[in-house]
Amino acid sequence: MTADNSPPPARSSDGGDAVIPLHDESVTVEKQRVERSRVRVTTRVSEREQIVREALEHEEATVTRVPIDREIDAHPSIRQEGDVTVIPLVEEVLVVERRLVLREELHIRKSRRTVEVEQPVTLRSEDAVVERVTAPPSPVRSPNQTSPEE
């Protein structure tokens, strides 16, 4: 048949006989979804204890008072002598005239030490478990598909 649904014209064979087609077969292909298996994914968290070691620095300051008791002309500034910081302490003394007297200095020496520290910590990790769940083959029918028994 042609697109306008009229029968095709008669054809003649080599012997001159007319051939009239009576029936023409065609094929229609349909697809259906078939579930073969399923998978299930679950996660689980596991914990483990681990010791963490780290070096921590600890700094201490030692203050030593050094008496001076000497008259000075100007206020001295804070200075650094090697690893010692020197902070002058000045007192004004009222006399007939005003004079600066260096009474003492504070000498501050810093010392540094390293201490090893161990601390337990809890670490977590997550794993995925994939299981295959098999199901019997069952075709999924479309609404316009008929069963072979109908």
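Cut-off values and rules
- Residues numbered from 1 in each chain as written.
- Predicted model: local features only at pLDDT ≥ 70, side-chain atom pairs only at ≥ 80, totals over all residues.
- Heavy atoms only, no water.
- Helix = DSSP H or I, 4+ residues; strand = E, 2+ residues; numbered from the N terminus.
- Buried < 20%, exposed > 50% of the residue type's maximum accessible area, 1.4 Å probe, protein only.
- Contact = heavy atoms within 4.5 Å.
- Areas by Shrake-Rupley, 256 points an atom, 1.4 Å probe, with all protein chains shown as cover.
- Patch = residues over 30% accessible without salt bridge, like charges linked within 9 Å, V, L, I, M, F, W, Y side chains within 5 Å.
- Salt bridge = Lys/Arg side-chain N within 4 Å of Asp/Glu carboxyl O.
- Pairing = 2+ DSSP bridges.

Colleague: What exactly am I supposed to notice about the overall build of the chain here?
Modeller: Secondary structure assignment for the chain yields 0 helices and 6 strands. Its helices and strands in sequence order give the chain the pattern β-β-β-β-β-β, from N to C terminus. In the chain, which comprises 150 residues, the share counted as buried stands at 8%. Looking at the chain alone, contacts between residues at least 24 apart form 72% of all its contacts between residues at least 6 apart. Total accessible area computed for the chain in this model is approximately 13,600 Å², and 49% of it derives from carbon and sulfur atoms.

Colleague: How should the environment of Pro67 be read in this particular structure?
Modeller: Relative to the assigned elements, Pro67 resides in strand 3 (residues 33-72). Every residue in contact with Pro67, bar those within four places of it in the chain, is listed here: Arg103 and Glu104.

Colleague: Would you mind going over the environment of Ile87 with me for this structure?
Modeller: The topology assignment puts Ile87 in strand 5 (residues 84-94). When its relative accessible area of 27% is taken as the criterion, Ile87 is described as partly exposed. Between the C-alpha atoms of Ile87 and Pro76, which are 11 residues apart in sequence, the distance is 8.7 Å. Once you skip the residues sitting within four places of it in the chain, Ile87 turns out to touch Ile78, Glu105, Leu106 and Ile108.

Colleague: Which parts of the structure should I look at to understand a nonpolar patch on the surface?
Modeller: Taken together, the side chains of Val39, Val41 and Val130 present a nonpolar region at the surface, about 280 Å² in accessible area. Mapped onto the fold, Val41 is located in strand 3. Given the relative accessible area of 54%, Val41 is considered exposed.

Colleague: What exactly am I supposed to notice about the pairing of strand 5 here?
Modeller: Every regular strand shows the same layout, with side chains that alternate between the two sheet faces. Summarising the sheet, strand 4 (residues 79-81) and strand 5 pair through 3 bridges and their orientation is antiparallel. Looking at strand 5, one finds that Gln80 is bridged to Thr85. Between strand 4 and the antiparallel strand that follows it, strand 5, lie 2 residues; Gly82 among them carries a positive phi value of about 70°.

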